[in-house]
Every structure is written in C-alpha cells, then in structure tokens.
Amino acid sequence: MFGFLKKSPPANQPDADQQDHLAELSREKITELENKLAIDPRNGETQKQLMLEYNRALTLFAKSRHYRNEIDALFVKIDELRNVIRQSI
C-alpha cells in the first residue's frame, strides 16, 4: 500500500573513485570561491555561490572515504560564512 513512498535506488551510482573525484572538484571550487570572497567579503553573489557549494560538498564529502574527515571543518566554514553574511546585511 505504501510502496510509492519507498525510494528506488538510483540506476547509476558512482563508484568510490568517482566520489573522490567529485569531492576533489568540489573542494577546488570551494577554494576558488573562498579566495574570491577574501578579496571582496561583501560580494553577495560569491557568498551565495559559496554557501551552495558548501552544501553540495557536505553530501559529496560524506560519500567519499578520503574527504569524510573534512565534514566538521566544513560545518565551521558554513557558520563563519553565515556570520559574514549577517554582518554584510
């Protein structure tokens, strides 16, 4: 009766190497955006992009064995970015 509520597994799940690669790409994007934000901390568009990338990275890092230990640091960065956003409003 409630079969429609069950999630079916995705047809194409990336393997561990692909997960690591996706996590590495996300980390590079984060580094790039953090550097842009360091130059101009009040840039709202960069702040938005960085927050979105942080949220994407959480999922990718959790699935990657090599980056899983960086999740705590990522939460700290998210909190710091929220503080920067609050100050710029």
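Residues numbered from 1 in each chain as written. Predicted model: local features only at pLDDT ≥ 70, side-chain atom pairs only at ≥ 80, totals over all residues. Heavy atoms only, no water.

K.L.:
I would appreciate a short explanation of the overall build of the protein chain in the present structure.
P.N.:
Within the protein chain, the secondary structure is distributed over three helices and zero strands. In the protein chain, which comprises 89 residues, the proportion classed as buried is 26%. At a minimum sequence separation of 6, the contacts of the protein chain that also span at least 24 residues come to 57%. (Helix = DSSP H or I, 4+ residues; strand = E, 2+ residues; numbered from the N terminus. Buried < 20%, exposed > 50% of the residue type's maximum accessible area, 1.4 Å probe, protein only. Contact = heavy atoms within 4.5 Å.)

K.L.:
Would you take a moment to explain the pattern of salt bridges for this structure?
P.N.:
Pairing of side chains with opposite charge becomes possible as their charged atoms draw close. Under the counting rule described, the total for this entry stands at five salt bridges. Across the salt bridge formed by Lys-77 and Glu-34, the nearest N and O atoms sit 3.4 Å from each other. Residue Lys-77 is located in helix α3 (residues 71-88), and its partner Glu-34 is located in helix α1 (residues 16-39); the two are separated by 43 residues in the primary sequence. When its relative accessible area of 23% is taken as the criterion, Glu-34 is described as partly exposed. Of the charged contacts in the structure, one is a salt bridge between Glu-53 and Arg-56, with a shortest N-O distance of 2.9 Å. Taken together, the residues span about one helical turn, with Glu-53 and Arg-56 both in helix α2 (residues 44-63) at a distance of three residues. The exposure class of Glu-53 is buried, given its relative accessible area of 8%. A cluster of three or more residues bridged by salt bridges with shared partners is formed by Glu-24, Arg-27 and Glu-70. (Salt bridge = Lys/Arg side-chain N within 4 Å of Asp/Glu carboxyl O.)

K.L.:
Honestly, the environment of Leu-52 in this entry has me stumped. Any pointers?
P.N.:
Within the fold, Leu-52 resides in helix α2. Taking relative accessible area as the criterion, Leu-52 reaches 49% and is therefore assigned partly exposed. The spacing of Leu-52 and Ile-30 is 22 residues in sequence and 9.8 Å in space, taken between C-alpha atoms.

K.L.:
Just checking my understanding: could you explain the packing of aromatic side chains for this structure?
P.N.:
Aromatic rings considered in pairs are described by the distance between their centres and by the relative angle of their planes. Counted by the stated rule, this structure contains one aromatic pair. When the centroid spacing of 5.4 Å and the interplanar angle of 25° are considered together, the rings of Phe-61 and Tyr-67 count as stacked. Looking at Phe-61, the relative accessible area reads 2%, which means it is buried. Owing to a relative accessible area of 9%, Tyr-67 belongs among the buried residues under this scheme. (Phe/Tyr/Trp six-rings, centres within 6.5 Å; stacked < 30°, edge-to-face > 60°.)

K.L.:
What is the right way to read the nonpolar core from this model?
P.N.:
Burial of nonpolar side chains together is a common tendency in soluble globular proteins. The biggest cluster of nonpolar side chains holds 16 residues, and the ones touching the most others in it are Ile-30, Leu-50, Tyr-54, Phe-61, Leu-74 and Leu-81. Taken together, the elements giving at least two residues each to this core come down to α1, α2 and α3. The element that contributes the greatest number of residues to this core is α2, accounting for seven residues. (Core = buried A, V, L, I, M, F, W, Y, C linked by side-chain atoms within 4.5 Å.)

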